[in-house]
Amino acid sequence: MQSHILILATGGTIAGRSSSALRRDYRPGQIGIGELIDRVRPLAPQAVLEGRELAAIGSEDITPDLWQRIWTQCDAAMRADTVNGIIITHGTDTAEETALLLDLTLPTAKPVVLVGAMRAADAVGSDGLRNLVNAIRVTADADAAGRGVLLVMGDRVIAARDARKARTSGTDAFRGFPRDAVAAVTPHSLDWFGAPWAARRSARFTFPREFPEVPILHAFASMEPDLVDRIVGPQTRGVVLAGFGEGNAPRGVRDRLAELARRGLVIVRASRVDEGIVDREPEDDTAGFVAARSLGPAKARVLLQVLLANGVRDAVAVQAAFDER
Ligand code: DAS
């Protein structure tokens, strides 16, 4: 029986065209979802594909408004008997943020899969068509539900909470941490590495009506404490530190952040290091800091915004949410 898959198109390189295969000046979001579906349909007999164009942007330009529109379409599709699964074509630059935001705010009853490409549709060695065929194979699979939002890139299936763009170029640009891929996929095979871990889970949080202001403070050698004051304004509700090593920062910076925590802002210590756990330290108890655990700065910011928008601002409750997998 064919799976009815709704494909929400937002742009990105997967729909990108370049003026020449020998130059880099491609433009994202140039190919309509109808044309992409026409190209992929002969390679995806297991699915009935319905396309909807939401945007045609490079994902570096994604906005809360587009996130809201994507979520609204997904939420409605989750409740529609005629839809078995959802694919979102998306740029790779912010795919990890969109994937985590949807993972936190949608139920897991039906698969939701983000897919992109590292090379434009008409580039030599383009990967978009293969990634889309793979995404359809995953979304149509009976075992895909109950895993939350998934990202399909480079023959790998990565869970939203783990996914990140780890390389600036190359078709294997995405990695997962702490879990790497949760499945391997090709146009003719799909191998899950474990059972669904979130079966029948309702949405964990309400989708934010507004996104609280949460800047990321990226640490660098010799950084001065007054930099903290320069990134915090009257609307700031939290700060994510992209710290050295396991979430470290100069003494003066930590003192300024502790002062902000005393004033009611939520401070999350993440790391500028590409991979690794940022665990709680004794100072966190006295300063009121939260440890980001396995989330990098960009995804820690998404989780903190969702928590704050849902009224979760007590450091102990925020830490519990970061500790959850
Ligand atoms: N054009 C960038 C983006 O939309 C890169 C890409 O899609 O891969 O994120």
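For the structure itself, look to the data block above.
Let us look at the structure shown here. (Residues numbered from 1 in each chain as written. Predicted model: local features only at pLDDT ≥ 70, side-chain atom pairs only at ≥ 80, totals over all residues. Heavy atoms only, no water.)

What to know about the sheet that holds strand E14 (residues 289-291)
- The strand order across the open sheet built from four strands is E11-E12-E13-E14, with neighbouring strands paired in parallel fashion. Sheet topology places strand E11 (216-218) and E14 at the edges, where each strand pairs with a single neighbour. Put simply, the sheet's adjacent strands are angled 25° from each other on average, direction ignored.
- Where strand E12 (residues 238-243) lies against strand E13 (residues 266-271), six bridges are found, and the strand directions are parallel. Looking at E13, one finds that Gly238 is bridged to Val266.
- In this fold helix H9 (residues 315-323) packs onto E13 and E14, with an angle of close to 10° to the strand it touches most, E14. (Pairing = 2+ DSSP bridges. Helix = DSSP H or I, 4+ residues; strand = E, 2+ residues; numbered from the N terminus. Axes fitted to C-alpha atoms, helices over the stretch in contact; angles between N-to-C directions. Contact = heavy atoms within 4.5 Å.)

Some points on the pairing of strand E3 (residues 85-89)
- The element E3 is extensively covered by neighbouring structure, given that five of its five residues are classed as buried.
- Residues of E3 alternate between two faces, with Gly85, Ile87 and Thr89 on one and Ile86 and Ile88 on the opposite face, all of them buried.
- Sheet analysis places strand E1 (residues 3-11) next to E3, joined by five bridges and oriented parallel. Bridge pairing in E3 places Leu6 opposite Ile86.
- When E3 meets strand E4 (residues 112-115), the two strands line up parallel, connected through four bridges. Note on E4: the bridge partner recorded for Thr89 is Val115. (Buried < 20%, exposed > 50% of the residue type's maximum accessible area, 1.4 Å probe, protein only.)

Observations regarding the site of the ligand
- The environment of the ligand is made up of Gly12, Thr13, Tyr26, Gly58, Ser59, Glu60, Gly91, Thr92, Asp93 and Ala117.
- Backbone polar atom of Asp93 to an oxygen atom of the ligand: 2.8 Å apart, as the coordinates give it.
- Surface burial for the ligand is 94%, taken as the share of its 260 Å² of free accessible area covered by protein chains.
- Of the residues assigned to the shell around the ligand, the class counts are two nonpolar, six polar and two charged. (Near = heavy atom within 4 Å. Polar contact = N/O pair within 3.5 Å; in protein donor to acceptor, adjacent residues only side chain to side chain. Areas by Shrake-Rupley, 256 points an atom, 1.4 Å probe, with all protein chains shown as cover. Nonpolar A, V, L, I, M, F, W, Y, C, P; charged D, E, K, R; others polar.)

Focus: the nonpolar core
- Counting residues in hydrophobic clusters, the biggest one holds 55 residues, and the most contacted among them are Ile88, Val268, Leu304 and Phe322.
- Not counting residues within four places of it along the chain, the set of residues in contact with Phe322 comprises Arg161, Val268, Val290, Ala291, Ala292, Arg293, Leu295, Ala300, Leu303, Leu304 and Leu307. (Core = buried A, V, L, I, M, F, W, Y, C linked by side-chain atoms within 4.5 Å.)

So, the pairing of E12
- With six of its six residues buried, E12 lies for the most part within the structure.
- Covered by surrounding structure in E12 are Gly238, Val240 and Ala242 together with Val239, Leu241 and Gly243, the residues of both alternating faces.
- Pairing analysis gives three bridges linking E11 to E12, with the strands arranged parallel. The partner of Ile216 across the bridge, within E12, is Val240.
- Note on the crossover from E11 through helix H5 (residues 226-231) to E12: the handedness is right-handed.
- Of the crossover connections in this fold, the one passing from E12 over helix H6 (residues 251-262) to the parallel E13 is right-handed. (Right-handed = clockwise from strand over helix to strand, strands pointing away.)

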